[in-house]
Amino acid sequence: MRSFVLVLSLCLAAMPGVALAGLAKSEIDTVGVTKRIGAPLKADHLVDLEGEPAPLPASGDKPDLILFVDFTCETSCGVSADALLSRLSGLTLKPGDDFDLSIIGLDPKDGQAEAKTFAEEHIPKTERWQAVRVLRGDKSEIAHLLDTAGIRISYDKERDQFAHPTAAVLLDKTGEIRRYVDPFASEPLDFRLSLTDAGDGSVGSLGDRLFLLCYGWNPATGTYSPLIARILTISAALSVAAIAALVLTLLWRERRGKGRESAA
């Protein structure tokens, strides 16, 4: 989907049709997202910053938000990670408690040192973010994850950089893809409602779940927008209920008044 920003870590050439720092236009055009809603996104051979096994999804009892980055990216990957954490920082929902947050390296050549450097530069060392997982895997594991998620990338051998979309993938509690969220275009409300929806009743407040009755996900924009028809239906139903309650109250008062007159 072209609605997602492309992280190009490259300098644009001045002339059309000229290779972009090692990538031809045809290679750039292949980059994007084919949404695979409902597909199970699982991996058993990822490792964390300490080299310990870190399967995906992380827990199986909460949503998992995933962002793919290049740990040695020279420009925009760090920005996308910063944007994602910025959107999540104002939420009452907390990584590790209400949802899992996994940042996965695109380049299988990157090792533990590169992953740790990326984490040190872009993940604050505070209590809120201590549960964020920074993961890496071998070539086949990363290729499997990208293919399953429908994320298409292009590798520039000349500069050892990747062109790739910045879509964050949201898994529900069962490990199936529920949403693709843009760290740059989506607002904190979009992330809150997305996590609430993916939690299937176990995440978010009652107010958030009620809010979802009147707001729906717009896949074209990657944001939530009002469901006008549903809002009108609910408003009409509430109006009818209010009128019915008023009529019943007036009838009850009338009958009560007549009963008192008869007794007198």
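Because the structure is a prediction, the values reported are computed rather than measured.

Peer 1: An account of the overall build of the protein is requested, with residue identities and associated values reported.
Peer 2: When its secondary structure is counted, the protein shows 7 helices and 12 strands. Per-residue burial for the protein yields a buried fraction of 44% across its 264 residues. Within the protein, residue pairs in contact and separated by at least 24 positions form 72% of the contacts whose partners lie at least 6 positions apart. Summing over all exposed atoms, the protein offers an accessible surface of approximately 13,300 Å²; the carbon and sulfur share of this is 58%.

Peer 1: Outline the layout of surface pockets, supporting the account with residue identities and numerical values.
Peer 2: The calculated volume of the largest pocket comes to roughly 200 Å³. Leu 106, Asp 107, Pro 108, Lys 109, Lys 139, Ile 142, Ala 143, Leu 146, Ile 153, Tyr 155 and Phe 162 together form the lining of the largest pocket. No other element matches helix α4 (residues 139-149), which puts 4 residues into the lining of the largest pocket. Here the lining of the largest pocket is built from residues that sort into 8 nonpolar, no polar and 3 charged.

Peer 1: Let's hear about the pattern of salt bridges: which residues, and what values?
Peer 2: Following the criterion strictly, the structure yields 9 salt bridges and no others. Salt-bridge contacts for Arg 178 lead to Asp 172; the nearest nitrogen and oxygen are separated by 3.5 Å. Exposure class is identical for Arg 178 and Asp 172. Each is buried. Beyond isolated ion pairs, a larger network of salt bridges with shared partners links Asp 172, Arg 178, Arg 179 and Asp 197.

Reading the values: the criteria
Residues numbered from 1 in each chain as written. Predicted model: local features only at pLDDT ≥ 70, side-chain atom pairs only at ≥ 80, totals over all residues. Heavy atoms only, no water. Helix = DSSP H or I, 4+ residues; strand = E, 2+ residues; numbered from the N terminus. Buried < 20%, exposed > 50% of the residue type's maximum accessible area, 1.4 Å probe, protein only. Contact = heavy atoms within 4.5 Å. Areas by Shrake-Rupley, 256 points an atom, 1.4 Å probe, with all protein chains shown as cover. 1 Å grid on protein atoms, 1.4 Å probe; cavity = no way out; pocket = protein on both sides within 12 Å on 5 of 7 lines; lining within 4 Å. Points joined across faces, edges and corners; volume = space filled by probe spheres on them. Nonpolar A, V, L, I, M, F, W, Y, C, P; charged D, E, K, R; others polar. Salt bridge = Lys/Arg side-chain N within 4 Å of Asp/Glu carboxyl O.

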